[in-house]
Amino acid sequence: MNLDNIIVKRKNKTIYRDGDKVIKVFKEDFSKSDVLNEALNQARVEENTELHIPKILEVTKINGCWAIILEFIEGKTLDDLISENPGKTTEYIDLMIDLQIKIHAQNCPLLTRLRDKMFRKIALTDFDPTIKYELQTRLNGLPRHNKVCHGDFQASNIIITPDNIPYIIDWSHVTQGNASADVARTYLLYLLADQKENGEYYFNRFCEKTGTQRKYAEKWIPIVAASQSVKGNREELAFLSRIVDVVEYV
């Protein structure tokens, strides 16, 4: 197994390419249950939906670290294509929205429920107990759906193959629940990347294409912002704390 070709290196994992395989190696102290859960969730999406996603080939240990081995998908990320063709940004965002709508049209009943995951995440935040209570109360009051929600849907997680087939990668946060939570999460990722203009286009266009009232989807923004804050990124925390102002979204 060749670990010379690094595709990307993150805080808790390194991703390599070895021929027609991608090897995702987690840090030694990374939770075994989280690795196995990620592989299980992706396998469930692979087996139960009509989406193009990389197939999981193996879960193993490499040098004492847990690793997931997947098939390599040749192509460019949508993020790279936007950087190379800035004049086509809105066209690519429209493509991204169409893919997200297709994800939400899928049904995968064994996935974790988004509501349960969000409730746990809010409980783990450092916010005042009153804010936690308000957020969890709001969460309980929102409509319950069972749509597949990617959980980290952004242009860097979409690969366009040479024959223009879009593959969606990185399913570690997938759940089933209300699609508006997934939309709010993508919008938040745009804001965190300092791409407010693209984020506004994305949010408004998604609502237009699906007939969703923006005010309805906005109710999820403080909830997903609280969930994001659990990651412990200090640079993001101040910004997320401002968003987790439930009064703003009443």
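Please refer to the structure higher up on the page.
As a convention, each chain's residues are numbered from 1 in the sequence order in which they are written. Local features are withheld for residues below a pLDDT of 70 in this predicted model, meaning they are given only at 70 or higher, and side-chain atom pairs are given and counted only at 80 or more; totals for whole chains, interfaces and linings count all residues. Neither water nor hydrogens contribute to the side-chain values; these are computed over all heavy atoms in the structure.

Asker: Would you explain the layout of surface pockets in this entry?
Answerer: To find the voids left in a structure, one rolls a probe of water-molecule size over its atoms. Cavities and pockets were defined on a 1 Å grid built from protein atoms only: a cavity is a group of points that admits a 1.4 Å probe but offers it no way out, a pocket is an open group of points flanked by protein on both sides within 12 Å along at least five of seven lines, and a lining residue is one with an atom within 4 Å of any such point. Grid points are joined across faces, edges and corners, and a volume is the space filled by probe spheres set on the points. Space inside the second largest pocket adds up to approximately 240 Å³. Every residue lining the second largest pocket is counted, 13 residues in all, and those nearest its centre are D79, Q154, A155, Y190 and Q195. Elements with a contribution of two residues or more to the lining of the second largest pocket: α2 (78-84) and α6 (179-192). Each residue is assigned to one class: nonpolar for Ala, Val, Leu, Ile, Met, Phe, Trp, Tyr, Cys and Pro, charged for Asp, Glu, Lys and Arg, and polar for all the others, Gly among them. The residue makeup of the lining of the second largest pocket, split by class, is 6 nonpolar, 6 polar and 1 charged. The numbering of helices and of strands both runs from the N terminus, where a helix is a DSSP run of H or I of at least 4 residues and a strand a run of E of at least 2.

Asker: Explain α6 here, please?
Answerer: One turn of the α-helix equals 3.6 residues, which is why residues spaced by three or four share an orientation. For α6, with 14 residues, the first-to-last C-alpha span of 20 Å sits near the 20 Å given by 1.5 Å per residue. Summarising burial for α6: 13 of the 14 residues are buried, a large majority. D194 sits one or two residues past α6 and shows a positive phi near 60°. One less than the residue count of a helix, multiplied by 1.5 Å, gives the span that helix is expected to have. Buried, partly exposed and exposed residues are distinguished by accessible area as a fraction of the type maximum, computed with a 1.4 Å probe on protein chains only: under 20%, between the cut-offs, and over 50%, respectively.

Asker: Looking at this structure, I do not really get the sheet that holds strand β6 (residues 76-77). What am I missing?
Answerer: Strand pairing within a sheet occurs via backbone hydrogen bonds; the two strands may be parallel or antiparallel. The criterion for strand pairing is that DSSP finds at least two bridges linking the strands in question. Across the sheet, which stays open at both edges, the 3 strands sit in the order β6-β8-β9 with antiparallel pairing between neighbours. Each edge of the open sheet is held by one strand with a lone partner, namely β6 and β9 (166-168). Note: strand β8 (residues 158-160) against β9, 3 bridges, orientation antiparallel. Its bridge partner lying in β9, I158 is registered against I168.

Asker: Explain the pattern of salt bridges here, please?
Answerer: Oppositely charged side chains may form a pair once their charged atoms are brought near each other. By definition, a salt bridge exists where a carboxyl oxygen of Asp or Glu is found within 4 Å of a side-chain nitrogen of Lys or Arg. Considering all chains together, one arrives at 10 salt bridges under this definition. The closest approach of N and O atoms between E38 and K24, which form a salt bridge, is 2.7 Å. In this pair, E38 sits in helix α1 (residues 32-48) while K24 sits in strand β3 (residues 21-26), placing the two residues 14 residues apart along the sequence. For K24, a relative accessible area of 8% gives the class buried. We note a salt bridge from R205 to E208, for which the minimum N-O separation is 3.0 Å.

Asker: Please clarify how the sheet that holds strand β4 (residues 56-62) should be interpreted in this entry.
Answerer: A sheet is described by the order of its strands in space; here 5 strands give the open sequence β1-β2-β3-β5-β4, paired in antiparallel fashion. Strands with a single pairing partner mark the edges of an open sheet, and in this sheet they are β1 (6-9) and β4. Within the sheet, the average angular offset between the axes of one strand and its neighbour, ignoring direction, is 20°. Two strands pair when backbone bridges link them, and β4 and strand β5 (residues 65-71) are joined in this way by 6 bridges, in the antiparallel orientation. Its bridge partner being in β5, I56 is matched across the sheet by L70. Throughout, an axis means a line fitted to C-alpha atoms (over the contacting stretch in the case of helices), and angles, computed between N-to-C directions, take values from 0 to 180 degrees.

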